Amino acid sequence: MIEDDAELAQTLASGLRASRMAVDVALDGRTGLSKALVNEYDVVVLDRDLPELHGDEVCRQLVAADSRGRVLMLTAAAGTDELVGGLALGADDYLGKPFDFAELVARVRALARRATISLPPTLECGDVTLDCGRRVAFRAGQRLELSPKELAVLECLLSYQDRALSAEELLERAWDEYTDPFTTAVKTTIRRLRAKLGDPPVIHTVREAGYRIGTN
């Protein structure tokens, strides 16, 4: 979230976190660009009128760097010219202020599904399924009572079934920048998720690589 209005940025970030997303915040364009180039964000919510570095230039540089993150541009000017201009810069979507928060959540989720890999509405591995839209998971048809972090980790593992994800990758995707990098949060969440998924085990530890989901 790159937004110079600190109160608005924190309000939106808190709402997105309550909607089970990990969110980092930058209050100016230069800081936001630096974060977006270093971290592999799924979505960059970018205010157009920013100090230090204008949102247009942030968008240009992200596109030039072939950033994996999809850009949702926000602006108080919601006319057709502004819309066309924002999309011409390489933004993936455009939302005029003021906007309904539910619409922001829906657009962010839609863009996240398009980031790097195309995710179907439902992710599956054996008898484990995750409805991405409704944010509910099942095993053998039985609904699982998962916490937001457990759902986020399960979604990551189901999205990358072809390889193992390291604890660092899971931490980056399911938590935000304020999380202690030396925390045992990933290990603890994996343990709880395994217990709730039950037998036979589907989450496997891959030595020196991380965690992988699969039926064997």
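The coordinates are above.
Everything numeric here is computed off the predicted structure, so don't read it as measured data.

Thresholds, definitions, all that
Just so you know, the residues in each chain are numbered from 1, in the order the chain's sequence is written. Local features in a predicted model are, by the rule used here, given only for residues with pLDDT of at least 70; side-chain atom pairs are given and counted only at 80 or more, and totals for whole chains, interfaces and linings are based on all residues. Each side-chain value is derived from all of the structure's non-hydrogen atoms; neither hydrogens nor water enter the calculation. Salt bridge, as used here: a side-chain nitrogen of Lys or Arg that lies within 4 Å of a carboxyl oxygen of Asp or Glu. Strands are runs of DSSP state E lasting at least two residues, helices are runs of H or I lasting at least four, and both sets are numbered from the N terminus onward. Note on classification: 1.4 Å probe, protein chains only; a residue is buried when its accessible area is under 20% of the maximum for its type, exposed when over 50%, partly exposed between these limits. Two strands pair under a simple rule: DSSP has to find at least two bridges between them. Throughout, an axis means a line fitted to C-alpha atoms (over the contacting stretch in the case of helices), and angles, computed between N-to-C directions, take values from 0 to 180 degrees. Note on contacts: a residue pair qualifies if any of its non-hydrogen atoms lie within 4.5 Å across the two residues.

### Considerations on the pattern of salt bridges
Here the structure, examined in full by the defined rule, presents 11 salt bridges. Note that Glu103 is salt-bridged to Arg107, the shortest N-O span being 2.7 Å. A residue pair is termed a helical-turn pair when its members lie 3 or 4 positions apart in one helix, as Glu103 and Arg107 do in helix H5 (residues 101-114) at 4 residues. Taking the relative accessible area as the measure of exposure, Glu103 reaches 32% and is therefore partly exposed. Judged by relative accessible area, which is 24%, Arg107 ranks as partly exposed. Taken together, the shared-partner salt bridges in this structure form one network comprising Glu3, Asp47 and Lys97.

### Brief notes about the sheet that holds strand E2 (residues 70-75)
Taken together, the 3 strands give an open sheet; going across it, the order is E1-E2-E3, and neighbouring strands pair in parallel fashion. Among the strands making up the open sheet, the edge pair consists of strand E1 (43-47) and strand E3 (93-96). Taken pair by pair, the neighbouring strands of this sheet meet at an average axis angle of 20°, ignoring direction.

### Looking at the sheet that holds strand E4 (residues 122-125)
Within the open sheet, the 4 strands sit side by side as E4-E5-E6-E7. Their pairing is antiparallel. The outermost strands of the open sheet, each flanked by one partner alone, are E4 and strand E7 (142-144). Strand after strand, the sheet turns through a mean of 25° between neighbouring axes, direction not considered. Pairing between E4 and strand E5 (residues 128-131): 4 bridges, direction antiparallel. Of the residues in E5, the one forming a bridge with Thr122 is Asp131. Along the sheet face, helix H6 (residues 148-159) touches E4, E5 and strand E6 (136-139) and points at about 70° away from the line of E4.

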